[in-house]
Amino acid sequence: FMFNESDLNGDSEMILAICEEILRRKLRISLTGQLRIDRRNTKEFFLRLRQAGFCMLRFGVDAWSAHTLLLQNKGYTVDMISQNLRDCRTAGIGTEVNIVLGVPGETEEDIEESIALLKANKPHIDRVASLNPIMLTPTSVYWQEPEKHHIQFEGDREEIYRKNPLAIPAQL
């Protein structure tokens, strides 16, 4: 079964309660899902997920340098990325990661730092699940405050938003 939610651990107590119920019922199932890097993702957290049947987790890391983490307001550090990946793999759960490139304000140094962090974590990453350019979507900080990120539009911003309510095409 796949939890089709990008924030599986948004309410870590709830997911742990689901795991407890799976274990109580002695269900033998395989689970996957996507979660965020978080300081609450401890070794014990991942061990419990593994006991309940989680076999693969995708981390929506997106930003892989200290600077791009700040630009994207991620709320975690590069050390937390490494710790989450290591603890998940140590618990016996496979790992996938997402990467986002082209963040406004990203520098060549950020790209080099990102590559170095990915290489350092290679033993704890089973697969790069997605490599995407930055997208302007309604929930992103870039959509909400484009001027703060020096984003310029080809035309009237409000009209572009109205005509493209789900995502802004790159050419605009």
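Let me begin by describing the structure that accompanies this report. (Residues numbered from 1 in each chain as written. Predicted model: local features only at pLDDT ≥ 70, side-chain atom pairs only at ≥ 80, totals over all residues. Heavy atoms only, no water.)

## What to know about the sheet that holds strand β3 (residues 54-62)
How we decide: Paired strands, in this sense, are two strands between which DSSP finds at least two bridges. Helix and strand definitions here come from DSSP, where helices need a minimum of 4 consecutive H or I residues and strands a minimum of 2 consecutive E residues; each element is numbered from the N-terminal end.
Strand order in this open sheet of five strands is β1-β2-β3-β4-β5, and the pairing throughout is parallel. Of all the strands in the sheet, just β1 (2-3) and β5 (127-133) have a single pairing partner and so form its edges. As defined by bridge partners, strand β4 (residues 94-101) adjoins β5 across six bridges and the pair is classed as parallel. Within the sheet, the bridge partner assigned to N98 lies in β5 and is S130.

## Description of the pattern of salt bridges
As a reminder of what qualifies: Definition used for salt bridges: Asp or Glu carboxyl oxygen within 4 Å of a side-chain nitrogen of Lys or Arg. Exposure is judged per residue with a 1.4 Å probe applied to protein chains only, and the accessible area is read against the type maximum: over 50% gives exposed, under 20% gives buried, and values in between give partly exposed.
Within the structure shown, the criterion is met by twelve salt bridges. Between R24 and E21 there is a salt bridge, with its nearest N and O atoms 2.6 Å apart. Taken together, the positions of R24 and E21, both in helix α1 (residues 12-24) and three residues apart, correspond to about one turn of that helix. Take E21: its relative accessible area is 29%, and that puts it in the partly exposed class. In this structure, the salt-bridge partner of D126 is R89, at a minimum N-O distance of 3.5 Å. Of this pair, D126 sits in the loop between α5 (108-120) and β5 while R89 is found in helix α4 (residues 78-90), placing the two residues 37 residues apart along the sequence. Overall, the relative accessible area of 29% leaves R89 in the partly exposed class. Linked through salt bridges whose partners overlap, the residues forming this network are E21, R24 and R25.

## Some words on the packing of aromatic side chains
Rule in force here: Pairing of aromatic side chains here covers Phe, Tyr and the six-membered ring of Trp, requires ring centres within 6.5 Å, and sorts the geometry by plane angle: under 30 degrees stacked, over 60 edge-to-face, intermediate tilted.
Evaluated as defined, the whole model comprises five aromatic pairs. Considering the side-chain rings of F45 and F46, the 5.5 Å spacing of their centres and the 70° angle between planes classify their relative orientation as edge-to-face. Assigned by exposure class, F45 and F46 land together as buried. Judged by centre distance (4.1 Å) and plane angle (20°), the ring pair of W143 and Y161 falls under stacked. Here W143 is found in helix α6 (residues 141-144), whereas its partner Y161 is found in helix α7 (residues 157-163), with 18 residues between them in sequence. Accessibility classification places W143 together with Y161 in one group, the buried group. An aromatic cluster of three or more residues is present, and its members are F45, F46 and F59.

## Thoughts on α4
The line we're drawing: Expected helix span is taken as 1.5 Å per residue step, with the number of steps being one fewer than the number of residues. For this analysis, residues touch if any pair of their heavy atoms sits within 4.5 Å.
Given a rise of 1.5 Å per residue, 13 residues ought to cover 18 Å, and the 18 Å separating the end C-alpha atoms of α4 matches this to within 8%. Listed in full, the buried residues belonging to α4 are M80, I81, S82, N84, L85, D87 and C88. The elements touched by buried residues of α4 are α2 (43-52), β3, α3 (66-71), β4 and α5. Where α4 terminates, the next one or two residues include G92, which has phi positive at roughly 95°.

## Remarks on α1
The following threshold applies: By construction, the arc corresponds to the directions joining the helix axis to the C-beta atoms.
A rise of 1.5 Å per residue sets the reference length of α1, with its 13 residues, at 18 Å; its end C-alpha atoms lie 18 Å apart and thus fit the reference within 8%. All buried positions along α1 are accounted for by S12, I15, C19 and I22. Seen end-on, α1 carries its buried residues on one side only, within an arc spanning 80°. Relative to its buried face, α1 has exposed residues pointing more than 90 degrees away, namely E13 and R24. Positive backbone phi, approximately 55°, marks K26, located one or two places after α1.

## Things to note about the side chain of Q34
Turning to its location among the elements, Q34 is positioned in strand β2 (residues 31-35). Every residue in contact with Q34, bar those within four places of it in the chain, is listed here: F3, E5, S6, D7, L8, R58, G60 and N98.

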